[in-house]
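# Coordinate analysis (summary)
Chain residues, written in single-letter form:
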Protein chains: 2
Amino acid sequence: MRLVMGPEAFLERVRKTVEEHRLLERGDRVLVALSGGVDSVVLLHVLLRLAPRYSLGVEAAHFHHGLRGDEADRDQAFVEHLCREWGVHLEVGRGEVAELARERGRGVEEAAREARYAFLRRVMEGRGLSCLAVAHTLSDAVETFFMRLIKGASPYGLRGILPRKGEVVRPLIDVTREEVEEYARIHGLSYVEDSTNRDLARFRNWVRWRLLPLLKEQNPKVERAVGRFMEILREEDSLLRERARSIGLSLSREREGEVELSRSSLAELPKGMRRRVVLELIHSLGGDARWTHLETLGYLVEGEGEARVHLPGGLMVVREGENLRFTRELDKEPEDVEVLVPGPGIYSLGEYLFHFQEIREGGEKVVVSPWSLLIDRDKVDFPMIIRYKRPGDVIYLEKVGHKKLQDLFVDAKVPRRERGRTPLLVDSQGRILWIPGLRWDARVLAGGGTKRHLLVAVRRGACGGEKNSSD
Amino acid sequence: MRLVMGPEAFLERVRKTVEEHRLLERGDRVLVALSGGVDSVVLLHVLLRLAPRYSLGVEAAHFHHGLRGDEADRDQAFVEHLCREWGVHLEVGRGEVAELARERGRGVEEAAREARYAFLRRVMEGRGLSCLAVAHTLSDAVETFFMRLIKGASPYGLRGILPRKGEVVRPLIDVTREEVEEYARIHGLSYVEDSTNRDLARFRNWVRWRLLPLLKEQNPKVERAVGRFMEILREEDSLLRERARSIGLSLSREREGEVELSRSSLAELPKGMRRRVVLELIHSLGGDARWTHLETLGYLVEGEGEARVHLPGGLMVVREGENLRFTRELDKEPEDVEVLVPGPGIYSLGEYLFHFQEIREGGEKVVVSPWSLLIDRDKVDFPMIIRYKRPGDVIYLEKVGHKKLQDLFVDAKVPRRERGRTPLLVDSQGRILWIPGLRWDARVLAGGGTKRHLLVAVRRGACGGEKNSSD
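Residues numbered from 1 in each chain as written. Chains lettered and ligands numbered in written order. Predicted model: local features only at pLDDT ≥ 70, side-chain atom pairs only at ≥ 80, totals over all residues. Heavy atoms only, no water.

### Here's the deal with the relation of the copies chain B and chain A
Of the two same-sequence chains, chain B is brought onto chain A (RMSD 0.2 Å, axial shift 0.0 Å) by a rotation of 180°. In the structure described here, the two chain copies are related by an operation that fits a two-fold rotation axis. Most of the interface of chain B is mirrored in chain A, where 100% of its interface residues again form contacts. (Least-squares fit on C-alpha atoms with pLDDT ≥ 70 in both. Contact = heavy atoms within 4.5 Å.)

As structure tokens, then:
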């Protein structure tokens, strides 16, 4: 059987999404984020048609990013014309995003998103609107899914885009882009196209224009299939989260804003639940963790001696004897943070993960890269320290002698904002041994006569792929 | 950092897999399923090297499927030569799989797998061996993952290939095919190639040669990323399963081999847990269910009146007032099974799902296809019946009159084995109204003057894609 997805069926589907997830309540006043692209034009059209049924107020807002030159001006003119014609109140905002990105040391897309949402929230407040409707479709959600899957995300990263997140609602989240385009065609809606949408160098576009068409060779309805999968993941994730939270509460003791957890009680949990309990605890303290961090925390549960892991969001987990202590780091300047490395193991600072490993004779072959260092274990002693650059820091370079890190960063064209975030490996005497990715103190390198090797490998802890640009 | 995955690192990885999942115990006597392809040759080589460490006995067995003509003869000669050279005891078996498949009405691949495993188990028994090592790699697991994801599987279908399943162990499940090939190259191992591996029309080969190379453009380690995802799914799946089992036990009453469950207690569970509880119950009774069945069971929980769902594996779920009753169907001949359809709703027979829906005026547009039928509601009454063909069945065809189903099937070239499995829609007077996909009794069709429409849509319940050919 094939039910033709006619215009009414499309409207019905959106209505079902709205009701199932209670996206809109009777009398809501909705702001539609209107880019002028097909998705947001269709969203506005559909909400206008649903408005009488739910006594909705519908307004629109458009943000001009100060990027894409004439094309963006054209988009603005288009939505102005459209809203005049449809009798919809429109607010237009503008930001010079490229400049913002430079100033704040952010990527352009991230800065654009921040500026856009800040504008939209200002409009909501100013006009007294109750919710913000954005035009993400099932296709967007499926693209995000594949982006994360390919780069290596965990199931909690793959639950997809939620139909509602706070005041942001997504009425089109159950329809595909094809269905949206079909709706626009049937209703003779015009819209603008963003030329950057075809840029295959962007990961999302690659997924959209190369990967998904390939998958559709095997299953034209692959978006539905993956969407259903994400739905189950989402439902099961919330089951697991709830369970983990209650187990975490029963195992932990809170004390002066810190939480302590006994390692042995964690160790008794099945591995999957242990990971979940730790993650919930971290979230409850306002921190965050990626796969690599959770993996490292596994070492904290099982290993011996003092060790600590720094997590994104300013949280720190310390192993102290039988306990793990979850604590907020004081509001130090980044340069004051230092991580003590008492022996082999895994340690983290900021986004970086350091793996210290003693290598036995005849063990694995090691390729020394800018991100690994093979040290002569007899020339360096634990404890070592991982920290950021401080004023006056120098490193000893062969044939050069001592060189200021400041000069070295400048010569190597390390961007200013990266300089304070690059971790340094320092020995107990305060000698800087290594600037991972850049230079090392050759005096401690392993050589022909080395008997005991220490391998230090660094990776940037990023594992979930790019941030969800759809939040 | 890049650790060169040298031959020793490969061996170490396999050893780690073996120990982590306890695939082999000291003194085990292992049978290696040896096709002669690179995976199984490397598996044999690695196990021979690990043998002294664990005091393993290692033997091999090769199955000639009677397919692929000369190529299969060449493969057999190759493994015979290899085992002579390596001093490994080899058993060779042969089956005429194509014939078997015809006889039993199975697909060739399925029949091949059955015949091969039957042979391997005979060898194990005959030689007194304790486990069977098969050469599935991480790459196979990832391929299976994508095959199922694309065709639409649920998370429990995506947990991947287990390192151990009963006496079958998979020591290569943590290494990729590339790593296996690299190992073979370093050790100068020769192996044969199966020409059907390159046949892109086969879904697995399509995933292997088209999809995965594309994904590797974005992440060369995509197999590890997906493998890690599957590992978490597996761990969390077992948490959920255990929890669902204990909730199911607390909510259900067993009585004379049947299980009863109150609908209201099910309805109170979160949707994700409800699905899990029902699935566990079905599994505990030796049945099985796919997504479509679980979806249908959702209707049983929430709807009204009598209804029943037939599940694969001879299980039946009946809604009786406040209860769902899970019961084994008696060992009837298929032709005796019949499903009573008391009113609109979803009903299943075998693999088929029937959706009865009363269509309101001006509702969705319906395209009548061979798999849907638009009936004039005033010409037919509930209850209807869904059942299989019985001797002497006839259907009334316009301009033809009554025709024997037997003749109709023959004329339409329906394969013999399908004839008994095709569901029929029958009214309460015993008139056959419809043979979905084939013919209908035009006297009940909706026409211009129809006031009340009944839409009956049928789909084949298959949703998990093909069976895992790797079990």
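### Some points on the pairing of strand β24 (residues 453-460) of chain B
Residue and element names in this part refer to chain B. The element β24 is extensively covered by neighbouring structure, given that six of its eight residues are classed as buried. Examined bridge by bridge, strand β15 (residues 352-359) and β24 share eight bridges and lie antiparallel to one another. If you follow Leu353 over to β24, its bridge partner there is Arg459. Across five bridges, strand β17 (residues 372-376) lies against β24 in antiparallel orientation. Across the sheet, the residue bridging to Ile375 is Leu454, located in β24. (Buried < 20%, exposed > 50% of the residue type's maximum accessible area, 1.4 Å probe, protein only. Helix = DSSP H or I, 4+ residues; strand = E, 2+ residues; numbered from the N terminus. Pairing = 2+ DSSP bridges.)

### Quick look at the packing of aromatic side chains
Residues and elements named next belong to chain A. Tallying each qualifying case throughout the model produces 15 aromatic pairs over all chains. Site record: aromatic cluster; members linked through ring pairs are Phe145, Phe146 and Phe229. Above the plane of the ring of Phe203 lies Lys151, whose end atom (NZ or CZ) is 4.8 Å from the centre. (Phe/Tyr/Trp six-rings, centres within 6.5 Å; stacked < 30°, edge-to-face > 60°. Lys NZ or Arg CZ within 6 Å of the ring centre and 35° of its normal.)

### Describing the sheet that holds strand β2 (residues 29-33) of chain B
Residue and element names in this part refer to chain B. Strand order in this open sheet of six strands is β4-β3-β2-β5-β7-β6, and the pairing throughout is mixed. Of all the strands in the sheet, just β4 (90-94) and β6 (164-165) have a single pairing partner and so form its edges. Looking at chain direction, β2 and strand β5 (residues 131-133) are connected through three bridges and run parallel. Paired with Leu31 across the bridge in β5 is Leu132. Against the sheet, helix α2 (residues 38-54) makes contact with β2, β3 (57-64) and β5, and its axis sits at roughly 165° relative to β2, the strand it touches most. (Axes fitted to C-alpha atoms, helices over the stretch in contact; angles between N-to-C directions.)

### Some details on the sheet that holds strand β4 (residues 90-94) of chain A
Residue and element names in this part refer to chain A. Reading across from one edge, β4-β3-β2-β5-β7-β6 is the order of the six strands in this open sheet, with mixed pairing throughout. On the outer flanks of this sheet lie β4 and β6 (164-165), each paired with one strand and no other. Of the pairings in the sheet, the one linking β6 to strand β7 (residues 168-169) comprises two bridges and is antiparallel in character. If you follow Lys165 over to β7, its bridge partner there is Val168. Its contacts with the sheet put helix α5 (residues 108-127) on β2 (29-33), β3 (57-64), β4, β5 (131-133) and β7, and the angle it makes with β3 is roughly 145°.

### Points about the interface of chain B and chain A
If you look at the interface, chain B gives 57 residues, while chain A gives 57 residues. Of the roughly 5,300 Å² buried where chain B meets chain A, counting both sides, 65% is carbon and sulfur surface. If you look at where chain B meets chain A, you find 10 salt bridges. Where chain B touches chain A, the interface holds 14 residue pairs in polar contact (both at pLDDT 80 or more). Of all elements in the fold, only β1 (2-3), α1 (7-20), α6 (138-151), α8 (203-218), α9 (222-251), α11 (271-284), β16 (366-367) and β24 of chain B reach the threshold of two or more residues within the side of chain B that touches chain A. When residues in the side of chain B that touches chain A are grouped by element, the largest group, 13 residues, is from α9 of chain B. In the side of chain B that touches chain A, the residues fall into 34 nonpolar, seven polar and 16 charged. (Buried area = accessible area lost by both parts, 1.4 Å probe. Salt bridge = Lys/Arg side-chain N within 4 Å of Asp/Glu carboxyl O. Polar contact = N/O pair within 3.5 Å; in protein donor to acceptor, adjacent residues only side chain to side chain. Nonpolar A, V, L, I, M, F, W, Y, C, P; charged D, E, K, R; others polar.)

### Side note on the domain arrangement of chain A
Splitting chain A by domain gives domain 1 (7-234), domain 2 (261-331) and domain 3 (338-471). If you average the C-alpha positions of domain 1 of chain A and of domain 2 of chain A, the two centres end up 37 Å apart. (Domains from an automatic or database assignment.)

### With respect to the side chain of His64 of chain B
Residues and elements named next belong to chain B. Mapped onto the secondary structure, His64 falls in strand β3. Residue classification places His64 among the buried residues on the basis of a relative accessible area of 2%. Reaching out from His64, the side chain makes a polar contact with the side chain of Arg94 at a distance of 3.2 Å. If we skip the residues at most four places from it in the chain, His64 touches Ala72, Asp73, Gln76, Gly93, Arg94 and Gly95.

### Notes on the pattern of salt bridges
Oppositely charged side chains can pair when the atoms bearing their charge come close. Residues and elements named next belong to chain A. Counted under the stated rule, the structure contains 71 salt bridges over all chains. The salt bridge partner of Arg177 is Asp140, with a shortest N-O separation of 3.0 Å. Linking Arg177 in helix α7 (residues 177-186) with Asp140 in helix α6 (residues 138-151), this pair joins segments that are 37 residues apart in sequence. Like Asp140, Arg177 is buried. Residue Arg325 pairs with Glu320 through a salt bridge whose shortest N-O separation is 2.8 Å. Residue classification places Arg325 among the buried positions, given a relative accessible area of 16%. One connected set of salt bridges, linked through shared partners, spans Asp140, Glu143, Arg177, Arg204 and Arg208.

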